[in-house]
Amino acid sequence: MPEVRFWLLDVMDAGEAVDLWGLGEDGRRLMIEVPFRSYFYLVPSSDYVKVKGAQEVDMFRMGKRVRCLRVEAQDDPSKEAEEMMSRGLGDAYGYDIRRSDLFLISTGLRPSAWTAAEAERVSSGAYDVYRSTGPPRSLEDRKDVPRIRILSFDPIYISRNASPRPERDPVAAVSIYDGSSAKTIAGDEQYVLRSFVEEVMRADPDVILGFQSNRVHWNYLSRRAENSGLRFSLGRDGSEPHGSVYGHVSIRGRANVDLSEFVDEVPEVKLERLEELSKYLGIEAPREAPEYFEIGELWEKDRRKLVEYFEWRVRAMFDVFSAISDYVFNLSSITGLPPDHVLTAATGFKVENYLMRFAELEARELIPPRKETRHVTYQGGIVLQPKPGLHRGIAVLDFKSMYPSIIIKYNISLETVDEGGSLRSGPPGFLPRALRRLLDERSRAREEEARYPEGSSERKVLDAKQRALKRIANATYGYTGWSGARWYAPHVAAAITAKGREVISSVISKAGEMGLEVIYGDTDSVFVSHDEGKVRELLRWVEESLGLEVKLEKIYRGVLFTEAKKRYAGITEDGELDVVGLEAVRGDWSEVAKRAQMNVLEVLLREESPERAEETAREWIRRVRAGNVPLKDLIIWKQLTKPIDEYEATAPHAVVAREMREKGWDVRIGDKVGFIVVKGAGKLHERVKPYFEVTADQVDWDYYAEKQVAAACGRVLEAVGVDESKLLSASKGMSLEEFFGK
DNA sequence: TGTAGGCAAAATCCATGCGACGT
DNA sequence: ACGTCGCATGGATTTTGCCT
């Protein structure tokens, strides 16, 4: 029988079989049908329990060997397993895993990686169809990525002074880009939608890129297509996009990637906009991008400019994808989640999918069913009270991957921690073994990476791989404390943090004994006076007596602390400024306050002149009082974290969101609401307006001077003995009213 | 379809107390 | 003498977004 080799793109449930979609070695696209039956394990309640057709197998439960029955499901494994349990036949495992997931978990096939299968060709057309004649297997050693065809798209909807709504507003145009030239299909809506479908079928992409496509566009376009009686055939087999589990949209035979979801992987990007993401990745973005509320107007007044912008967007999506695709594909093959699902899936599910694969394929550990469990909190890391002021010559030491290392070193796992929290000795547990594999693979990737020349594509791929492995390893501790996890184990999470507190405490005491001054510390880090010899000795001591790796992360020429934990700013020997936790790095402060604070910190740390820093702050306050700041620097962005009507307190951003909703703007959970504070009486929430409605004469400049700029600057100046009130009073200058009022 | 806990800060909420005022 | 209205005050609560 001939063997077909292909790069696995997606898996689809097909009743008695699963359909594997892939890119063939010969460059042709293909679909292979593989027969597959769902199955689950039953730990029988007694030796007399028999299940027809079931196979006896040895598995492990919490590290203990158990005899199990592997039961092939006739139809619905959940129903059949639950029925057996209710009849008292035993406990069932692995019955609530989606078929396509179970297929990947049990066969060890990896999406976004090479696969081989014995198969016969059934038909040949736009893509080849095969039927497998033997079990497919993963080609673990093959690491190249085939040439992938990509198409990006971005639709333009038209509505005036409100968000477009699919039941009302038509699709005016769709910009697309296939790597050669961007174009925009415009005209009558029927024509636009039909041409879009034709373009997709003609380009036949493996990956379709969009921004907010899962949340907005597929639903919008599908509804408009339905509305005009058009079949929206975008799948390789001509099927329409369909809602998959949890808000993700599936397009058969292609990977539907919503790039906006990548923002969750990058905490540095504070606003979920293509411009922000592009800038972060070093992709050129237009200096003045139109905002969503201007689109309707621009379509009427300056269509050329609008189209130019949308064509920039589809090209930028291409660039974004080429910057992140190695990472996405690696994350996909490590976790076993298909490339279009892996960004949509929350962290916990990424970890869980990896653990399930490890459980079934390597540990032979039974996979517990997901159940609703009450959330239990437990104690976390130690945070030291910082010594306030400006310190010179400070070394920052931190543990390398502290929690993963602790889990492995102290063998902390479900099998080794009892409910009381005490540790038992025993063979390496499930969690440590699963982590060990991730970390070993990561070291291998890093070693291999070093063998390739800087800038080579191999190096880039391996770097993406090691980052993806680190991401999963670091999230594993948190996973054990997540009440939604299959392997939810708060006592295990608590044992991990307890060990963490123990080791960091011993480092702190040792540093003190050695005569190093400890300035601050948080969870896995300590800030100490930088005495080179002693620091080196301390590092050696930690590695020898604790068996954990600590590194000299940074040396600050100067570092500034206030009395607050988790907030500081430092300057390194080579003049690089770090700002941590302070307003300047927060997404919910106005740009003017952030810039002013950053400016003050620069003067404080670079010039070490509190006087000049104070003067800098005064200048900013004067500028703001004079109203000499562009409006966009006054916007305060806050995320809507729940439905507008569920807020117990009258939060300013919720008030603005409600107002926007009433005017027809689509404001949803997760959206960031931008507002500006305007003049007026009463509470703050009575003086806020959507940022795009505010004019300069309405702005409450005093609010920005006092509650934003002075507050942010005062916070850092307080560390060098300058009082915020002094900052305000001296620069305020008495108004005439105040003067005569006295 | 939610990795975790620890933390700062702002705005709002709410109980409390005080004085002024009317009956 | 008593009730209550308005207002200030200060602590508790709500909310967000950061750090590791």
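Residues numbered from 1 in each chain as written. Chains lettered and ligands numbered in written order. Predicted model: local features only at pLDDT ≥ 70, side-chain atom pairs only at ≥ 80, totals over all residues. Heavy atoms only, no water.

> Even after reading the chapter, I still don't get the UniProt feature "domain: DNA-directed DNA polymerase family B multifunctional" (unreviewed entry) in chain A, so can you show me in this structure?
The positions that UniProt labels "domain: DNA-directed DNA polymerase family B multifunctional" (unreviewed entry) are, in the present scheme, residues 341–420 and 429–719. In this annotation, residues 341–420 is assigned 31% helix and 14% strand; the end-to-end C-alpha distance for the span is 38 Å. With 50% helix and 15% strand, residues 429–719 has its two end C-alpha atoms placed 48 Å apart. (UniProt positions renumbered as here; feature names shortened; annotations may be inferred. Helix = DSSP H or I, 4+ residues; strand = E, 2+ residues; numbered from the N terminus.)

> Just checking my understanding: could you explain the protein's contact with DNA strand B for this structure?
By nearness alone, 34 residues border DNA strand B, and Tyr246, Ala346, Gly478, Thr650 and Tyr703 come closest of all. Among all atoms of DNA strand B positioned within 4 Å of the protein, those belonging to sugar or phosphate total 79%. In the model, a base oxygen of DNA strand B is placed 3.3 Å from a nitrogen or oxygen of the Ala346 main chain. Within the side chain of Thr650, an N or O atom sits 2.5 Å from a phosphate oxygen of DNA strand B. Among the secondary structure elements, those contributing two or more residues to the surface near DNA strand B are helix H8 (347–363), helix H11 (457–480) and helix H17 (701–717). Counted by class, the surface near DNA strand B contains 17 nonpolar, eleven polar and six charged residues. (Near = heavy atom within 4 Å. Polar contact = N/O pair within 3.5 Å; in protein donor to acceptor, adjacent residues only side chain to side chain. Nonpolar A, V, L, I, M, F, W, Y, C, P; charged D, E, K, R; others polar.)

> Sorry, what's going on with the protein's contact with DNA strand C here?
Taken together, 21 residues form the shell around DNA strand C, and within it Asp524, Gly587, Thr641, Lys642 and Tyr647 come nearest. Considering DNA strand C, the proportion of its atoms within 4 Å of the protein that are sugar or phosphate atoms stands at 91%. The separation between a phosphate oxygen of DNA strand C and a polar side-chain atom of Lys642 is 2.6 Å. Between DNA strand C and the protein, one listed contact pairs a phosphate oxygen with a backbone N or O atom of Ala649 at 3.4 Å. Partitioning the surface near DNA strand C into residue classes produces five nonpolar, six polar and ten charged.

> I keep staring at the packing of aromatic side chains and nothing clicks. Help me out?
Geometrically, a pair of aromatic rings is defined through the distance of the ring centres and the angle of the planes. Applying the stated criterion to the full structure yields 34 aromatic pairs. Ring centres of Tyr177 and Phe318 lie 4.7 Å apart, and the angle between their planes is 70°; this geometry places the pair in the edge-to-face category. One end of the pair, Tyr177, is in strand S12 (residues 171–177); the other, Phe318, is in helix H7 (residues 303–335), with 141 residues separating them in the sequence. Considering the side-chain rings of Tyr309 and Phe310, the 5.5 Å spacing of their centres and the 85° angle between planes classify their relative orientation as edge-to-face. Of the two residues, Tyr309 and Phe310, neither departs from the other in class, the shared state being buried. Connected via pairs of aromatic rings, a cluster forms that spans Tyr292, Phe293, Trp637, Trp665, Tyr691 and Phe692. One Lys or Arg, Arg303, reaches over the ring of Trp299 and ends 3.8 Å from the middle of that ring. (Phe/Tyr/Trp six-rings, centres within 6.5 Å; stacked < 30°, edge-to-face > 60°. Buried < 20%, exposed > 50% of the residue type's maximum accessible area, 1.4 Å probe, protein only. Lys NZ or Arg CZ within 6 Å of the ring centre and 35° of its normal.)

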